Amino acid sequence: MQATLAGLGWTGRYLWAGWAGLAGIFCLLAAWQAGHEIYGSFILPSPAETAAAIADLSRRPDFGTILRQTAGRALAGFAIAAALGTATGLVAGYSFAAMRLMKPVVTVMLGVPPIGWIVLALIWFGSTGGTAVMTVVIASAPLSFAGALEGVAKRDRQLDVMAQSFGASLAYRLRTITLPHVLSYLFPAWTTTAGSAWKVTVMAELLSNSGGIGGELATARALFDIPQVTAWLAITVALALATDYGLLHLAREAMERWRSAGLPWGVKR
Amino acid sequence: MTAPLVFSRVGHAFLGRTLFEDFDLAVEAGETVALIGPSGSGKTTILQIAAGILEPAKGRVLGAWRRQAVVFQEPRLVPWMTLLDNIAYGLAARGEPRARRREVAARLALEMGLEEADLPKYPTELSGGMRQRAGVARALAVDPDMLFLDEPFSATDVGLRRHLQNLLIAAARTRGFSGLLVTHDLTEAVRIADRLLVLSALDGRIAACHTLPGRPGERSERMVFEQVEAWSRDPVFGELFSARERRR
C-alpha cells in the first residue's frame, strides 16, 4: 500500500515537472513564430506549417520505415557506444596501466571531428547503415568511457572495505558497490550520448545518402521543400527528447530514487 | 583448545614509520579483548590486519573462525540499499537465499530497536543513531564467531552508547562469539571486554595487560567506574596518554 502510494506520488511529481518543460517548448515556438513572421515561409516556415508538413509526412506509406531505419541506426550506435565506452572505462578505472594506454586513444577519437569519421566510414562501409552506426559509436563512446573512468576512480573505498570484510566476492562488490555509484556518472554521459546519436545519425545518413531521416532531408533540400526540412528536423528533435525523457530519465529516476529519498518534501523533484 | 586469533611477531609500517613490531596477541574462544591506546598507537591497524583487510608487513596471523563481521566507527551503510537490504548485506554476500536473509535482517532490526516502518527506508532517511544500530545489526546478522569492533560507538550519544553496549554484551553472551574491540573509551572497554591491552604510542608495544574481574554484563556500574578511576590514577595510563602530547 505504502509502495503504491509512493509510486503514485512519484508519477505525479514526474508529470507535474513536465509543465516546466512544456513552458520552455512554448517559448521556443513563440520565438520560431516571430522569426517566421519577420522572414516569411520560404526562409522559415511557421510551426503550424511544419505541423501540417509532419501530418502530410505521417500519411506516407514509408513513414514508419524511414523512422525505424534512423531509430535502428541511432539506437544501435548508442547501445554499442555505451557498452564499449562503459566496459573500457571500468577496466581503465581499475587498472592504471590500462588507463595510461587508453587515454591517448580517447583523446584522438574526440579530436577527430565527426565529419572526418563520416568520410572514412563512407570509404569503409559505402552508402549503408554501417556508416551512421560507426560514426555514432566513435563520436559517443569516449563520453561513456570518461564517465565510467571517473565513477570508478571516485568510488567510496570504505564501502568496498566493508563489503570485503564480509567476504563479498569481487563480482558481488562490483554489482552492489561500484556499479550503482558509477551509474551516477554514466547517466549524464548517456543522456548526452543519446542526444548526439540522433544528430550524428541524421548527418551521416544525409552525407552518405543511405536513406532514413537524413536521406529524406537531402531530398527535401534538393526540392527546396523547406516545410518538409523543418518537419523532419522537428521529428528528429522529438525522437531525441523521447529517448531522453521517456527512457533515460525514467531509468535514472528509478535507479537513483535513494538520492532524493532523504530530501524534505519541498525539495523533491 | 587453540585460540581462534593469534598474532605472532607481527610488524607493520606506514609511509616509512614503524607502527609496531614483534606484536603478539591471542584472543581465546568466547573472549572479548579490548585494545586501548592513544591515537597513532596502531590499534585500528591491528584490527584491520586481524580482519584480513590489511596484509601485515611482517610476522604471522592465524585466524581460525568460520564467520567474521566488522562494526566500523562510521556505519558504512550502502546509500542505494534500503535499511533491510543493508542489514542483510553480509548474508547476501554469502549467498543466503533472499527470503531467509530478509527474515533474519528484519528480526535483528527489531531487536536493535529499529521499527518495521523504517525497513524500506534508505540511509539518508535515517538518523545517525539508527544507522549505527543498522551497522551493528548487519554484523550480528551473519552470526559471526569472531566480531571486530573498530571504535563502534564513538560517534553516538551517551544514552545510545549504553544501549548499544548492552545489546552487544547480551549478544556475546547468547551467541558466544570472540571479539576484538578497539576503543578510546576506558569505560566502554571495562564494560564490554574480558581482557584489556594497553598499547603504547611510542613503540606500539603492549604497555599493560589487565584481566577484568567477572564477566561483561555482570559488572556493576560502581565497579566499572571504580576500575576506570583507579586506572586513571595509574602512572602507566597517565604516561601513555601524555605521550601523545609529547610527540606533537
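Residues numbered from 1 in each chain as written. Chains lettered and ligands numbered in written order. Predicted model: local features only at pLDDT ≥ 70, side-chain atom pairs only at ≥ 80, totals over all residues. Heavy atoms only, no water.

**Let's talk about a nonpolar patch on the surface**
Residues and elements named next belong to chain A.
- Judged by side-chain polarity, Trp-16, Trp-19, Leu-22, Ile-25, Phe-26, Val-237, Leu-241 and Tyr-245 come together as a nonpolar surface patch covering roughly 890 Å² of accessible area.
- For the nonpolar patch, the secondary structure elements donating two or more residues are helix H1 (2-39) and helix H10 (226-255).
- The element contributing the most residues to the nonpolar patch is H1, with 5 residues.
- Here Trp-19 lies in helix H1. (Patch = residues over 30% accessible without salt bridge, like charges linked within 9 Å, V, L, I, M, F, W, Y side chains within 5 Å. Areas by Shrake-Rupley, 256 points an atom, 1.4 Å probe, with all protein chains shown as cover. Salt bridge = Lys/Arg side-chain N within 4 Å of Asp/Glu carboxyl O. Helix = DSSP H or I, 4+ residues; strand = E, 2+ residues; numbered from the N terminus.)

**Here we look at the pairing of strand E1 (residues 5-14) of chain B**
Residues and elements named next belong to chain B.
- Pairing of E1 with strand E2 (residues 17-27) involves 7 bridges; the strand directions are antiparallel. Paired with Leu-5 across the bridge in E2 is Val-27.
- Connecting E1 to the antiparallel partner E2 that follows it, the hairpin turn spans 2 residues, and Leu-15 within it adopts a positive phi of roughly 50 degrees.
- Judged from the 5 bridges that link them, E1 and strand E4 (residues 58-63) form a sheet pairing that is antiparallel. (Pairing = 2+ DSSP bridges.)

**What about the interface of chain A and chain B?**
- Each partner contributes to the interface: chain A provides 18 residues, whereas chain B provides 22 residues.
- Each partner contributes to the roughly 2000 Å² buried at the junction of chain A and chain B, and carbon and sulfur atoms together form 69% of this total.
- Seen at the junction of chain A and chain B, the total is 4 residue pairs in polar contact (both at pLDDT 80 or more).
- Among the elements of the structure, helix H7 (157-165), helix H8 (170-208) and helix H11 (257-261) of chain A are those that each provide at least two residues to the side of chain A that touches chain B.
- Partitioning the side of chain A that touches chain B into residue classes produces 11 nonpolar, 6 polar and 1 charged. (Contact = heavy atoms within 4.5 Å. Buried area = accessible area lost by both parts, 1.4 Å probe. Polar contact = N/O pair within 3.5 Å; in protein donor to acceptor, adjacent residues only side chain to side chain. Nonpolar A, V, L, I, M, F, W, Y, C, P; charged D, E, K, R; others polar.)

**Overview of the sheet that holds E2(B)**
All names here are of chain B.
- Across the sheet, which stays open at both edges, the 3 strands sit in the order E2-E1-E4 with antiparallel pairing between neighbours. Each edge of the sheet is formed by a strand with only one pairing partner; in this case those strands are E2 and E4. Adjacent strand axes in the sheet meet at a mean angle of 25 degrees, parallel and antiparallel pairs treated alike.
- Where helix H1 (residues 43-50) meets the sheet, it contacts E1, E2 and E4, and its direction lies at approximately 125 degrees from that of E1. (Axes fitted to C-alpha atoms, helices over the stretch in contact; angles between N-to-C directions.)

**Notes on the packing of aromatic side chains**
All names here are of chain B.
- Within the structure shown, the criterion is met by 9 aromatic pairs over all chains.
- Taken together through their ring pairs, the aromatic side chains of Phe-7, Phe-20 and Phe-23 make up a single cluster.
- If you follow Arg-76 out to its NZ or CZ, it ends over the ring of Phe-72, 4.1 Å from the centre. (Phe/Tyr/Trp six-rings, centres within 6.5 Å; stacked < 30°, edge-to-face > 60°. Lys NZ or Arg CZ within 6 Å of the ring centre and 35° of its normal.)

**A short note on the pattern of salt bridges**
Residues and elements named next belong to chain B.
- Summed over all chains, the structure comprises 23 salt bridges over all chains.
- With its nearest N and O atoms 3.2 Å apart, the salt bridge here joins Glu-221 to Arg-162. Of the two residues, Glu-221 sits in helix H8 (residues 221-232) while Arg-162 sits in helix H6 (residues 158-175), which places them 59 residues apart along the sequence.
- Using a relative accessible area of 27% as the deciding quantity, one classes Glu-221 as partly exposed. (Buried < 20%, exposed > 50% of the residue type's maximum accessible area, 1.4 Å probe, protein only.)

**Focus: the sheet that holds strand E3 (residues 32-36) of chain B**
Residue and element names in this part refer to chain B.
- Taken in spatial order, the 6 strands of this open sheet run E5-E6-E7-E3-E8-E9, and their pairing is mixed. For this open sheet the edge positions go to strand E5 (68-71) and strand E9 (206-211), each flanked by a neighbour on one side alone. Pairwise comparison of adjacent strand axes, ignoring direction, gives a mean angle of 15 degrees for this sheet.

**Topic: helix H5 (residues 114-125) of chain A**
All names here are of chain A.
- The end-to-end C-alpha distance of H5 is 15 Å, a good match for the 16 Å that 12 residues give at a rise of 1.5 Å each.
- Looking only at H5, the buried set comprises Trp-117, Ile-118 and Ala-121. Looking straight down H5, one finds its buried side chains confined to an arc of 105 degrees; they lie on one side.
- Packed against the buried residues of H5 are helix H4 (96-111), helix H6 (129-153) and H8.
- Just downstream of H5 lies Gly-126, where phi reads positive at about 70 degrees. (Expected span 1.5 Å × (residues − 1). Arc of directions from axis to C-beta.)

**Focus on the UniProt feature "transmembrane region" (unreviewed entry) in chain A**
- The positions UniProt marks with the feature "transmembrane region" (unreviewed entry) are residues 12-32, 74-97, 104-125, 131-149 and 231-251 of chain A.
- Counting secondary structure, residues 104-125 of chain A comes out at 91% helix and 0% strand; the distance between its end C-alpha atoms is 26 Å. (UniProt positions renumbered as here; feature names shortened; annotations may be inferred.)

**Side note on unusual backbone geometry**
- Positive phi, close to 55 degrees, is recorded for A:Phe224, a residue that is not glycine.
- Of note, the phi angle at B:Asp143 is positive, near 50 degrees, even though the residue is not glycine.
- Note that B:Asp143 resides in the loop between helix H5 (128-141) and strand E6 (146-150).

**What to know about the packing of H5(B) against H6(B)**
Residue and element names in this part refer to chain B.
- It is at 11 Å that the axes of H5 and H6 come closest, and there the two elements cross at 10 degrees. Comparing their axes, H6 and H5 come out roughly parallel. Contacts from Gly-129, Gln-132, Arg-133, Val-136 and Leu-140 of H5 reach H6 at Leu-160, His-163, Leu-164, Leu-168, Ala-171 and Arg-175.
- Here the residues of the contact of H5 with H6 sort into 6 nonpolar, 3 polar and 2 charged. (Parallel < 35°, antiparallel > 145°, perpendicular 65-115°, else oblique.)

**Regarding empty space enclosed by the protein**
- Counted by the stated rule, this structure contains 1 cavity of 30 Å³ or more.
- In this structure, the largest cavity spans a volume of roughly 30 Å³.
- Around the largest cavity sit A:Arg155, A:Asp156, A:Asp160, A:Ile177, A:Thr178, A:His181 and B:Trp80, which together line it.
- The leading source of residues in the lining of the largest cavity is H8(A), at 3 residues.
- When its residues are assigned to classes, the lining of the largest cavity shows 2 nonpolar, 2 polar and 3 charged. (1 Å grid on protein atoms, 1.4 Å probe; cavity = no way out; pocket = protein on both sides within 12 Å on 5 of 7 lines; lining within 4 Å. Points joined across faces, edges and corners; volume = space filled by probe spheres on them.)

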